[in-house]
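# Geometric and topological summary
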Amino acid sequence: MGSTAKRWKRFAPLFLLMLPGLVYLIINNYLPMFGMIIAFKDINYTSGILGSDWIGFKNFEYLFKTSDAYIITRNTLLYNGLFIFINTIGAIGLAVLLNEIRKKFFQRFYQSIIVLPHLISMVIVSYLVFAILGSDTGLINKSILPLFGLDEVAWYSSKQYWPYILTIVNIWKGIGFLSVVYLASIISIDTEYYEAATLDGATRWQQIRTITIPIIMPVITMMTLLAIGRIFYSDFGLFYQVPMDSGVLSETTNVIDTYVYRALMNLGDIGMSSAAGVYQSIVGFVLVILSNYAVRKFSKENALF
Amino acid sequence: MKRKLNWIGAILAMMLLLAACSSNNGTNEAASPAGNGSNDSGEAEAPYELTVAYFTFGSVPQDQKLIEEELSKITKEKINATVKLLPISLSAWQNQVNLMLTSNEKLDLMVLMGSTYANQVAKGQLIALDELLAQSGTGILAALGPDYANATKINGQAYGVPTIRDLATSYGYLIRQDLVDKHALDLSQVKTLNDLEPILQTIKDNEPNMIPFVNGTGASPLTYYSTRDSLGDDMGVLLDNGQDLKVVNWFETEEYAAQLKQMRKWYQAGYISKDAVTVKESTSDILKGGKGAGNLATLKPGFDTQETRLTGKAITSVELLPSVAKTSTVTNIMWGIAKNSKNPEKAMQFLNLMYTDKDVVNLFDWGIEGKHYVKVSENIIDYPQGVDAASVGYSGMGWLFGNQFLSYIFKGDDENLWEKMKEFNNSAIKSKALGFTFDSTPVKTEFAAVSNVLTQYRIALECGALDPDKMLPEFIAKLKDAGIDKIIAEKQKQLDAWAAANGQ
């Protein structure tokens, strides 16, 4: 009995520190789940949420009314899948390279340069892209294409280029931050492994393959799993701001988030927005469970749960 | 020692958090006692605080608080109420108002926009006004006249009152006066959209850094040019300004196809900016920055001076289409009483003042006499000494606050502006569907899907950035796919019922 009280006393400050986070989580993440019922109701403000009529899946219909549902689901999954793949490989590569730099100053310098884009707001990024792609003043149309005697390209009304543009922007912006996460775990690897390997005559490449990658594998799995869990949530800024909200591009730039945003800016219907939110959450949830299940199959200790 | 610091840190963090949470409660409590006012009358009754929400462009004027105090002085005396003004920036307006209505925040009077009006009524966010109007809003009805007062009715009940301003609109091309003089442009020859071509060509040839035919953000050059009654949303329209009650698909008409062809030609000729699809500025900002020559716009008496003030460049305009009155031109700006209101009676009394009381209207429109304006003569005002448009502490939008015809006229404007405006309103071609408001709830799935298709194609097509020969058929097919025909059928049904009920 006495020891329990003692334990409580010892950990009380920790619990206290946990409290704000817990409160935040409950208020912000758990209480709103109640709002899921809005997706199945025809909301009338006078009768309130509970008093409004149940309408089944009617709010979901507009999502699947046209081929849009297919396009946005495809775009969301393909883009995010591609981003996860490229960013992970790229970030690990970068982290390994950064780790090889011996001069502290240069390591810090490159690291900062690479992380910098992560700190720039998407709105500003969109204008940087615009400065390059714009028709009247853009770098490519006014300076580069004329050099080769090529015609101007109306980037903002030609949808076929956007999968590449968005991928490049995403890598440029996101890769630095991810590589720092990996770098942190690479740095924490005991140097004795490498010393032993060097003594055995292992090349740099062999060291990376057999020491670095296996040791940071749990971090890679965790980051990837977390990313997969959010595969249905796209970077709104990237898909909305960077194409400058140009409707023509929607076939290659429209993802679930932007679709819902555009539809609701026009309609202001919370029933339909909740429906899209629920659709997004459920598919995201299923994906996390599935990918975690897959990881468990291969290596149990790397799974999240 | 270290342990103690940990504790203090944790407690401080908690306190910060709690403080942040509790600030909300404070305002709620403060608001509630005022709400009891409606139960009993008499001398001892505490003045009711009316919360009045409206949208603004740009920042809140620095003397906003003074206006609120002055207003409250008048209203305390006349209707035993005080006024709390709640200006919300237009970009956040829709979200914030939705939030206030949903969370039952204190809100009495609010501006309504035509585009969301029917939806708000369908969702039960507004109080029906007929009874209140008959009781304490007689001044409003008298000022509006029956035609325009009835234009806001949905299922026979009014839920909003249009502000009194230009209730009709005409369409035309506005252009910088200095360019007209410099290149000796003859605007008198311009009667149709086609006639603009030589003018645009002249500007294109002589002013290489200027866009001859400007469009603003979220709009195409054609957005402010209309020969149809859009019935609110362009999904099913009445041609020829609603002289015939047959709902048709505007995007399938030859007229639309011809307009698109012309825009495509102008885009390729360089009259329309190559970046038109992604433009992020308003037309007046583009003109102000010297990057544009002119654009299509909705005109009204006094328009040129208004634009001149807005752009800082002398503006002239030429009318291309005569003035028309449609439900959308009347209902685009209205006032309504939120269902949150604890005292709709008082809200209506205040609204009545906004349509009948010269002092109230001018406080809203121009600010405080002697401080924000001085009288030059009985009805003409000017800035006080040492104050100009940039440094004045308050200026309101005349067309927003009730009855603009009670507003003073600013020096430089036409002295007979309001007479001309009345004439403009009365002489306008009236759409046969004036007063009909479409309720999209029965087809809201289709409505959402069609809205999406519109945002995808419309602006790019109307800017000429897409080839209409190829893309217009695709656009139409997508619209049909999304169910525009169902919306049109529903609209026709509602319109027929409305027409039968109103003896058209």
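Rules and cut-offs
Per chain, the residues get numbers from 1 upward, laid out in the order the sequence is written. Chain letters and ligand numbers both follow the written order, the letters beginning at A and the numbers at 1. Local features in a predicted model are, by the rule used here, given only for residues with pLDDT of at least 70; side-chain atom pairs are given and counted only at 80 or more, and totals for whole chains, interfaces and linings are based on all residues. Runs of E in the DSSP output that reach at least two residues are strands. Runs of H or I that reach at least four are helices, and both are numbered from the N terminus. Computation of the radius of gyration draws on C-alpha atoms, with the globule rule given as 2.2 Å multiplied by the number of residues to the power 0.38. Placing a C-beta atom from the backbone of each residue, one calls two residues in contact when those atoms lie within 7 Å. Put plainly, a residue is buried at 20 or more neighbouring C-beta atoms within 10 Å of its own, exposed at 12 or fewer, and partly exposed in between, counting only other residues' C-beta atoms, which are placed from the backbone. UniProt positions are given in the numbering used here, feature names are shortened, and annotations may be inferred rather than shown by experiment. Strand pairing is assigned whenever DSSP identifies at least 2 bridges connecting the two strands. For this classification, Asp, Glu, Lys and Arg are treated as charged, while Ala, Val, Leu, Ile, Met, Phe, Trp, Tyr, Cys and Pro are nonpolar and the rest, including Gly, are polar. Remark: nonpolar core denotes a set of buried Ala, Val, Leu, Ile, Met, Phe, Trp, Tyr and Cys residues whose joining runs through C-beta atoms within 7 Å. Where each domain starts and ends comes from a domain assignment, either automatic or drawn from a database. Angular values range over 0 to 180 degrees, each being the angle between N-to-C directions of two axes fitted as lines to C-alpha atoms, with helices fitted over their stretch in contact. For classification, angles of less than 35 degrees are called roughly parallel, those exceeding 145 degrees roughly antiparallel, those between 65 and 115 degrees roughly perpendicular, and all remaining angles oblique. Should the near helix be turned anticlockwise from the far one by less than a right angle, the crossing is left-handed, and should it be turned clockwise, the crossing is right-handed.

### Let's talk about the overall build of chain B
Within chain B, the secondary structure is distributed over 19 helices and 16 strands. Relative to the 2.2 N^0.38 estimate, which gives 23 Å for 504 residues, the radius of gyration of chain B is 25 Å and therefore close to what a compact globule would have. For the C-alpha atoms alone, the extent of chain B along its principal axes is close to 70 × 70 × 55 Å. Long-range contacts, defined as pairs at least 24 residues apart, comprise 79% of the intrachain contacts of chain B with a sequence gap of at least 6.

### What about the overall build of chain A?
On a plain count of helices and strands, chain A comes out with 14 helices and two strands. Relative to a compact globule of 305 residues, whose C-alpha radius of gyration would be 19 Å, chain A shows 24 Å and is clearly more extended. Taken along its principal axes, the extent of the C-alpha atoms in chain A is 85 × 75 × 35 Å. Across the 305 residues of chain A, 28% fall into the buried class. Of the contacts made within chain A by residues no fewer than 6 positions apart, 70% connect residues no fewer than 24 positions apart.

### Focus: the UniProt feature "transmembrane region" (unreviewed entry) in chain A
Residues and elements named next belong to chain A. The UniProt record annotates "transmembrane region" (unreviewed entry) at residues 12-31, 77-97, 109-133, 161-189, 210-233 and 277-295. This span, residues 12-31, is 95% helix and 0% strand, and a straight line between its end C-alpha atoms measures 26 Å. Regarding residues 77-97, the helix share stands at 100% and the strand share at 0%, and the terminal C-alpha atoms are separated by 30 Å.

### Re the pairing of strand 10 (residues 294-299) of chain B
Residues and elements named next belong to chain B. For strand 10, the tally of buried residues reaches five of six residues, placing the bulk of the element in the interior. Pairing geometry for strand 7 (residues 169-176) and strand 10, over six bridges, is antiparallel. Within the sheet, the bridge partner assigned to Gly172 lies in strand 10 and is Ala297.

### Quick look at the interface of chain A and chain B
Facing the 33 residues of chain A at the interface are 38 residues of chain B. Those elements giving two or more residues to the side of chain A that touches chain B turn out to be helix 1 (2-30), helix 3 (61-65) and helix 13 (256-267) of chain A. Counted by class, the side of chain A that touches chain B contains 15 nonpolar, twelve polar and six charged residues.

### Some remarks on unusual backbone geometry
A positive phi angle is found at A:Asp245, which is not glycine, with a value near 55°. As for its placement among the helices and strands, A:Asp245 is situated in the loop between helix 11 (236-240) and helix 12 (250-253). Given 23 C-beta atoms within 10 Å, A:Asp245 falls into the buried group. Located in the positive-phi region is B:Asn80, a residue other than glycine, with phi close to 50°. Classification of B:Asn80 by C-beta neighbours within 10 Å gives partly exposed; the count is 16.

### Quick word on the sheet that holds strand 15 (residues 409-410) of chain B
Sheets are built from strands paired through backbone hydrogen bonds, the pairs being either parallel or antiparallel. Residues and elements named next belong to chain B. Here three strands make up an open sheet; going across it, the order is 13-14-15 and the pairing mixed. Because the sheet does not close on itself, it has two edges, and the strands there are strand 13 (374-375) and strand 15. Bridge analysis of strand 14 (residues 380-382) against strand 15 gives two bridges, and the strand direction is parallel. Bridging across to strand 15, Ile380 finds its partner in Ile409.

### Some details on the nonpolar core
By size, the foremost hydrophobic cluster in this structure holds 167 residues, and its most contacted members are B:Leu109, B:Phe350, B:Leu351, B:Val450, B:Ala460 and B:Cys463. Sorting elements by how many residues they give to this core places helix 17 (residues 444-462) of chain B first, with ten residues. Shared between two domains, this core holds at least three residues of each, these being domain 1 (47-167 + 326-439) and domain 2 (169-299) of chain B. When neighbours within four sequence positions are excluded, B:Leu351 is seen to be in contact with B:Leu109, B:Gly137, B:Ile140, B:Val161 and B:Trp335. Formed by twelve residues, the second largest nonpolar core is a distinct cluster that contains A:Ile92, A:Ala95, A:Tyr182 and A:Leu183.

### Describing the sheet that holds strand 10 of chain B
All names here are of chain B. Across the sheet, four strands lie side by side as 10-7-11-16; this open sheet has mixed pairing. With one partner strand each, in any of the chains shown, strand 10 and strand 16 (429-430) form the two edges of the open sheet. Helix 12 (residues 303-311) contacts strand 7, strand 10 and strand 11 (315-325) of the sheet and is inclined by roughly 130° relative to strand 11.

### Observations concerning the packing of helix 8 (residues 162-187) of chain A against helix 10 (residues 204-229) of chain A
All names here are of chain A. Viewed as axis vectors pointing N to C, helix 8 and helix 10 meet at an angle of 140°, and their least axial separation amounts to 10 Å. Looking at the two axes, helix 8 sits oblique to helix 10. Like other packed secondary-structure pairs, helix 8 and helix 10 cross with a definite hand, here right-handed. Where helix 8 abuts helix 10, its residues Val181, Tyr182, Ser185 and Ile186 lie against Thr212, Ile216, Val219 and Met223. In terms of residue class, the contact of helix 8 with helix 10 is built from six nonpolar, two polar and no charged.

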